Amino acid sequence: MPRCRRSFYLVLVLWICLGVCRSGSINAQDLRLNEIQTIGTHNSYRLAPPGEILSLIRLTTPSAAEALDYSHRPIPQQFDDFNIRQLELDLYADPDGGLYSNPIGHASLPQNAATARSHPNVDGAMDAPGMKVLHSPGFDYRSTVATFVAALRQIKEWSQSHPSHVPILVLVELKQSVVGPALVKPVAFNETLLDEVDAEIRSIFTDQELILPDQVRGTHKTLRDAVMKNGWPRLSECRGRVWFALDNEGTLRDRYLDGHPSLRDRVLFVSVDPQHPAAAFRKLNDPIKRFREIQDAVKRGLIVRTRADAETRQARSGDTRRRERAFESGAQYISTDYPVADPRLTDYRVVLPGEVEYRANPVLFPQD
């Protein structure tokens, strides 16, 4: 082959390689956890209230009935069928057990064999002490999994069967209030119950199966220093693992941090300002209003969770602007109520191109 032709092909190969790298298609094992983008679900456990209850709500507040009318598949199916890699679980403390075993909403339904089979405590799981997974204990009580420990077992069993998955983020919201009548008063999360959240996670997962604040911090004084100087672990180091973050901000978050500077010995990451010593994760739910804030956090090395849709509005209208801004923002975990379209509404759904598990982060690895 003439030398000029060999030189031409060499330049062509180098140009192609450069284009591939610039498009984000680099060696996947070299990517760090904060350098990817993947899809999650909001209120991942949730089933819509029964039709009779939605009809009652619709009589007084149609918009509230619309906002509540969505459901999710069981957690393992979300992992398998939709490549979901971020969950959200709402937890009510139930230290003595049985507090949420008989929701008033279910008692209001026609009493027959079908409602008996669909009772949230049909297997007695709600009677045991421990964190319960539900949206609100009065009329929005339906869940695919009753307890936090049961949900953790489902996640672990799936993870062990799929050891090469990219890390799964579980966002935990601690609930202390009720929407609508419930006839029960939720238990407030004091220091003991905050410790119990960590303890339930550690009862199922070993440290080697988790990504913990202490692991990410390493020898650095603060988490913020660690992620901004060293970055998050590479995928080659953390595939098959699960990590947890606290959805709550304000008083509960500060109470969780109290006595644990930079989250020492804690399990959950927390959403704080980028200047905070514990800064590593941010919850920024609105990718339109907070677009630049999300991009800034991503460029600093923080991991961000945002939401592509809310209260079923986008699925009803088919409006994809919020979804597209979520993708463009570079948020690593994009949460949705629609990993699959609702055939009663529009074809709106949220998936990555090619419906892959993850992709290189478009802000950190922009495409031409």
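Just so we're clear, the structure is a prediction, and the values are computed from it rather than from any experiment. Think of each chain on its own: its residues are numbered from 1, step by step along the sequence as written. For a predicted model such as this one, the threshold for reporting local features is a pLDDT of at least 70, and the threshold for listing and counting side-chain atom pairs is 80 or more; totals across whole chains, interfaces and linings nevertheless cover every residue. Remark: hydrogens and water are excluded; side-chain values derive from all non-hydrogen atoms of the structure.

A. Here's a closer look at the pattern of salt bridges. Salt-bridge detection follows one rule: a side-chain nitrogen of Lys or Arg within 4 Å of a carboxyl oxygen of Asp or Glu. Taken as a whole and assessed by the stated rule, the structure comprises 24 salt bridges. For Asp140, the salt bridge identified is with Arg46, shortest N-O distance 3.0 Å. With Asp140 in the loop between strand S3 (132–133) and helix H7 (148–161) and Arg46 in the loop between strand S1 (36–41) and helix H2 (51–60), this residue pair connects regions lying 94 residues apart in the sequence. Classification of residues uses two cut-offs on accessible area relative to the type maximum, computed with a 1.4 Å probe and protein chains only: under 20% is buried, over 50% is exposed, and between them is partly exposed. In this structure Asp140 comes out as buried when scored by relative accessible area, which is 6%. A salt bridge links Asp296 to Arg300; its shortest N-O distance comes to 2.8 Å. Linking Asp296 with Arg300, this pair stays in helix H13 (residues 291–300), spanning 4 residues, or about one helical turn. Judged by its relative accessible area of 35%, Asp296 falls in the partly exposed class. Among the charged side chains, a network of salt bridges with common partners joins Asp69, Asp342 and Arg344. Numbering of helices and strands runs from the N terminus, with a helix taken as a DSSP run of H or I at least four residues long and a strand as a DSSP run of E at least two residues long.

B. Focus on the sheet that holds strand S8 (residues 303–307). The strand order across the open sheet built from 5 strands is S7-S8-S9-S1-S10, with neighbouring strands paired in mixed fashion. The open sheet terminates on both sides in strands that have one partner only, identified here as strand S7 (281–283) and strand S10 (359–360). Throughout, a residue-residue contact means that at least one pair of heavy atoms, one from each residue, lies within 4.5 Å. Simply put, an axis is a line fit to the C-alpha atoms, just over the touching stretch for a helix, and the angle between two N-to-C directions goes from 0 to 180 degrees. Contacts from helix H15 (residues 321–329) reach S1, S8, strand S9 (333–336) and S10, with the element oriented near 140° to S1. Two strands pair under a simple rule: DSSP has to find at least two bridges between them.

C. Looking closely at the packing of aromatic side chains. Working definition: rings of Phe, Tyr and Trp (its six-membered ring) pair if their centres are within 6.5 Å, and the pair is stacked with planes under 30 degrees apart, edge-to-face with planes over 60 apart, and tilted otherwise. All told, the structure shown has 9 aromatic pairs when counted by the stated rule. Note on Phe205 and Phe244: the rings are 6.0 Å apart at their centroids and 65° apart in plane angle, and the pair reads as edge-to-face. Of the two residues, Phe205 sits in the loop between helix H8 (191–204) and helix H9 (213–217) while Phe244 sits in strand S5 (residues 242–246), which places them 39 residues apart along the sequence. Each ring, one from Trp232 and one from Phe269, has its centre 5.3 Å from the other, and the planes form 35°; the classification is tilted. Of this pair, Trp232 sits in the loop between helix H10 (223–229) and helix H11 (235–238) while Phe269 sits in strand S6 (residues 268–270), placing them 37 residues apart in sequence. According to the relative accessible area criterion, Trp232 is buried, its value standing at 0%. Site record: aromatic cluster; members linked through ring pairs are Trp232, Trp243, Phe269, Phe281 and Tyr333. Here, over-ring charges are defined by two tests on the NZ atom of lysine or the CZ atom of arginine: distance to the ring centre within 6 Å, and angle to the ring normal within 35 degrees. Just above the ring of Tyr70 sits the side chain of Arg46; from NZ or CZ to the centre is 4.3 Å. Across from the ring centre of Phe291, 3.5 Å away, lies the NZ or CZ of Arg325, which sits over that ring.

D. Examining the sheet that holds S6 more closely. Read across the sheet, 5 strands follow the order S3-S2-S4-S5-S6 without closing on themselves; strand pairing throughout is mixed. Bordering the open sheet on either side are S3 and S6, each of which pairs with just one other strand. H8 rests against strand S2 (86–92), strand S4 (168–175), S5 and S6 of the sheet, and its axis sits at about 130° to S6. Set on the sheet, helix H12 (residues 250–257) makes contact with S4, S5 and S6; between it and S6 the angle comes to about 125°.

E. View of the side chain of Lys175. When you line up the elements, Lys175 lands in strand S4. Lys175 gets classed as buried once you look at its relative accessible area, which sits at 12%. We define a polar contact as two N or O atoms separated by no more than 3.5 Å, with the added condition that, inside protein, one atom must be a possible hydrogen donor and the other a possible acceptor, whereas residues neighbouring each other in sequence contribute only through side-chain atom pairs. Side-chain polar atoms of Lys175 contact the backbone oxygen of His135, separated by 2.9 Å. Other than its neighbours up to four places away in sequence, Lys175 contacts Asp90, Leu91, Tyr92, His135, Val187 and Phe189.

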